[in-house]
Amino acid sequence: TTGATLHIIFSTDCGTYQHWQSYLFFHRAYSIRQPGYITRIASGCTEKQLQDEKAWHEEHIAKVMSDRYRIHFTPHFSGVKDETTGEVKDDYKYFN
């Protein structure tokens, strides 16, 4: 190895489907002994989702697999704003 520190980052929303996709991503990294850090960026969570995801991550990912596997929360970014009014007029889910 080169001794370089890796940091893999991936982006999700707080939906159930991407929750399980994230779990599988972390589990696969754990099973192949992926070096470095992995951070899931979860966007647009409600306060309850944020608390639930944080607790679940701590219990099932950080404590069981690795404390190098992290989660970071950001606001909802998928709203498309009208350039004139600034009001959210549409949702583009790929901005999560």
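1. Digging into unusual backbone geometry
Inference 1: Positioned with a positive phi, Arg-33 is a non-glycine residue whose angle comes to about 60°.
Inference 2: Here Arg-33 lies in the loop between helix H1 (16–31) and strand S2 (37–43).
Inference 3: The exposure class assigned to Arg-33 is exposed, which follows from its relative accessible area of 74%.

2. Describing the sheet that holds S2
Inference 1: Across the sheet, which stays open at both edges, the three strands sit in the order S1-S2-S3 with parallel pairing between neighbours. Whereas interior strands pair on both sides, the edge strands pair on one side only; in this sheet they are strand S1 (7–12) and strand S3 (69–74). Neighbouring strand axes in the sheet, compared pairwise and without regard to direction, differ in orientation by 20° on average.
Inference 2: For S1 and S2, the ladder comprises six bridges, and the chain directions are parallel. Paired with Phe-10 across the bridge in S2 is Arg-40.
Inference 3: Along the sheet, H1 makes contact with S1, S2 and S3, crossing S2 at roughly 175°.
Inference 4: Each of S2 and S3 touches helix H2 (residues 47–62); the most contacted strand, S3, lies at about 170° to it.

Parameters and conventions
- Residues numbered from 1 in each chain as written.
- Predicted model: local features only at pLDDT ≥ 70, side-chain atom pairs only at ≥ 80, totals over all residues.
- Heavy atoms only, no water.
- Helix = DSSP H or I, 4+ residues; strand = E, 2+ residues; numbered from the N terminus.
- Buried < 20%, exposed > 50% of the residue type's maximum accessible area, 1.4 Å probe, protein only.
- Pairing = 2+ DSSP bridges.
- Axes fitted to C-alpha atoms, helices over the stretch in contact; angles between N-to-C directions.
- Contact = heavy atoms within 4.5 Å.

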